[in-house]
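For reference, the chains in residue letters:
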Amino acid sequence: MSQSGQPAYRRILLKLSGEAFMGAQDYGVDPLVLDQVAGEVAELSGLGVEIGIVIGGGNIFRGAGLAEGGMDRVTGDHMGMLATVINALALQDAIERTGRFCRVMSAIRINQVCEDYIRRRAVRHLEKGRIVVFAAGTGNPFFTTDSAASLRAIEINAELMIKATKVDGVYDADPMRNRDARRLEHLSFDEALERKLGVMDTTALVMCRDNNLPLRGMNMFSRGDLRRLVMGEDVGTLVEGTVK
């Protein structure tokens with residue numbers, strides 16, 4: 001816990017999976033999930049934390065999955081990027097209904113619905129207390145939104161990247177399939193890569209490691225955990241350069 005009672009981090013990047021937005025539905029966005037995420041993010045913003053967010057699009061389209069079905073991979077990835085824009089706009093609306101200011105910035109040009117991603121402008125939004133949602137991944141095919149999250153976190157000089165999923169951290173095996181799976185509290189990037197623990201994809205992990213950006217894996221839907229983490233409590237799994 002931060003000794004001062006203030007947030008332990010000034011600026012963070014939150015990575016959300018598109019699948020998490022489905023909630024109990026089979027497809028699309030669950031309004032209840034959207035409102036919960038928006039509420040927790042808005043609360044952090046109210047504490048003075050500068051927040052960037054990257055969202056996946058798997059609840060609508062997955063480029064790799066479409067490619068497996070025979071579609072051209074580049075076309076499929078572009079469809080996936082547009083799916084992330086849909087999710088970003090939905091989250092922006094939910095955040096603004098809490099009374100906070102939010103901007104969506106897209107890596108592909110779609111000016112009638114959101115801003116183009118420009119690094120300096122994004123940083124300025126953050127400095128003004130606006131929540132920034134980064135959409136359309138990196139803007140390039142063959143890169144995941146995990147890689148986009150690492151890239152944006154490094155570009156905006158985030159102090160921590162948070163990978164928020166339905167699982168409360170990183171396990172030594174798939175906890176959905178193995179009842180004996182054990183949650184790991186702390187590991188290095190090299191260990192995560194060598195053991196193929198599925199924290200994030202390889203490109204994303206290497207970028208975090210090489211730029212000394214710590215990563216936390218946590219359950220976004222455990223109410224209050226996001227705030228506790230940002231206030232300095234030991235929530236989820238910490239992945240950083242070396243293991244103590």
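This is a predicted model, so every value here is computed, not measured. (Residues numbered from 1 in each chain as written. Predicted model: local features only at pLDDT ≥ 70, side-chain atom pairs only at ≥ 80, totals over all residues. Heavy atoms only, no water.)

Moving on to the nonpolar core. The tendency in soluble globular proteins is for nonpolar side chains to be buried as a group. If you look at the biggest cluster of nonpolar residues, it comprises 36 residues, and the most contacted ones within it are L14, L16, I53, L91 and I162. Among the secondary structure elements, those contributing two or more residues to this core are β1 (11-16), α1 (31-46), β2 (50-55), α3 (73-96), β3 (102-106), β5 (131-135), β6 (160-165) and α8 (225-230). Ignoring sequence-local partners within four residues, the contact set of L14 consists of V41, G52, I53, V54, I162, A164, M220 and L226. Listed in part, the 28 residues of the second largest apolar core include V170, A192, M200 and L205. (Core = buried A, V, L, I, M, F, W, Y, C linked by side-chain atoms within 4.5 Å. Buried < 20%, exposed > 50% of the residue type's maximum accessible area, 1.4 Å probe, protein only. Helix = DSSP H or I, 4+ residues; strand = E, 2+ residues; numbered from the N terminus. Contact = heavy atoms within 4.5 Å.)

This part covers the pairing of β6. In terms of burial, β6 is largely enclosed, as five of its six residues are buried. Taken together, the five bridges between β1 and β6 define a ladder with parallel strand orientation. Bridging across to β6, L14 finds its partner in I162. Bridge count for β6 against strand β10 (residues 215-219) is five bridges, and the pairing is parallel. From the neighbouring strand, A164 faces β10, where its bridge partner is M218. (Pairing = 2+ DSSP bridges.)

Before going further, it helps to examine the environment of A173. Looking at the element boundaries, A173 is found in the loop between β7 (170-171) and β8 (183-184). Sequence-wise, A173 and L197 are 24 residues apart; in three dimensions their C-alpha atoms are separated by 7.3 Å. Contacts of A173, omitting those with residues within four sequence positions, involve N178 and A181.

So, about the layout of surface pockets. Its volume calculated, the largest pocket comes out at about 1,100 Å³. If you list the elements that add at least two residues to the lining of the largest pocket, you get α2 (63-68), α3, α5 (145-155), β6, β7 and β10. In terms of residues, the lining of the largest pocket owes the most to one element, α3, which gives five residues. In terms of residue class, the lining of the largest pocket is made up of 16 nonpolar, 18 polar and 10 charged. (1 Å grid on protein atoms, 1.4 Å probe; cavity = no way out; pocket = protein on both sides within 12 Å on 5 of 7 lines; lining within 4 Å. Points joined across faces, edges and corners; volume = space filled by probe spheres on them. Nonpolar A, V, L, I, M, F, W, Y, C, P; charged D, E, K, R; others polar.)

In this section: the packing of α1 against α3. Packed helices, taken two at a time, are described by the angle between their axes plus the distance between the axes. At their nearest, the axes of α1 and α3 sit 8 Å apart, and the two run at 60 degrees to each other. In terms of orientation, α1 lies oblique with respect to α3. Remark: the crossing between α1 and α3 carries right-handed chirality. Facing α1, whose interface residues are L34, D35, V37, A38 and V41, α3 presents A90, L91, A94 and I95. When the residues that make up the contact of α1 with α3 are grouped by side-chain class, the tally is eight nonpolar, no polar and one charged. (Axes fitted to C-alpha atoms, helices over the stretch in contact; angles between N-to-C directions. Parallel < 35°, antiparallel > 145°, perpendicular 65-115°, else oblique. Left-handed = near helix turned anticlockwise from the far one by under 90°.)

Under the counting rule described, the total for this entry stands at one aromatic pair. Taken together, a centroid distance of 5.6 Å and an interplanar angle of 85 degrees make the contact between Y117 and F134 edge-to-face. Note that Y117 is positioned in the loop between β4 (115-116) and α4 (119-127) and F134 in strand β5, a separation of 17 residues in sequence. The exposure class of F134 is buried, given its relative accessible area of 3%. Over the face of the ring belonging to Y117 we find R152, whose NZ or CZ atom lies 3.8 Å from the ring centre. (Phe/Tyr/Trp six-rings, centres within 6.5 Å; stacked < 30°, edge-to-face > 60°. Lys NZ or Arg CZ within 6 Å of the ring centre and 35° of its normal.)

A few words on unusual backbone geometry. Only a minority of non-glycine residues have a phi that is not negative, and only a minority of peptide bonds are not trans. The phi torsion at F142 lies on the positive side, around 75 degrees, for a residue other than glycine. By relative accessible area, F142 is classed as exposed at 52%. In the Ramachandran plot, K196 falls in the positive-phi region, its phi being about 50 degrees despite a non-glycine side chain. With respect to the helices and strands, the residue K196 is situated in the loop between α6 (189-194) and α7 (202-210).

Note that side chains of opposite charge can pair when their charged atoms are close. One pass over the full model with this rule turns up 18 salt bridges. The partner of R11 in a salt bridge is E50, with the nearest N and O atoms 2.6 Å apart. On the criterion of sequence distance, the pair formed by R11 in strand β1 and E50 in strand β2 is long-range, its members being 39 residues apart. Taking the relative accessible area as the measure of exposure, R11 reaches 4% and is therefore buried. Measuring nitrogen to oxygen at the nearest pair gives 2.8 Å for the salt bridge that ties R216 to D234. With R216 in strand β10 and D234 in the loop between α8 and β11 (237-240), the pair connects residues that are 18 residues apart, well separated along the chain. Its relative accessible area of 8% is what places R216 among the buried residues. By sharing partners, the salt bridges in this structure join R10, R11, E50 and E159 into a single network. (Salt bridge = Lys/Arg side-chain N within 4 Å of Asp/Glu carboxyl O.)

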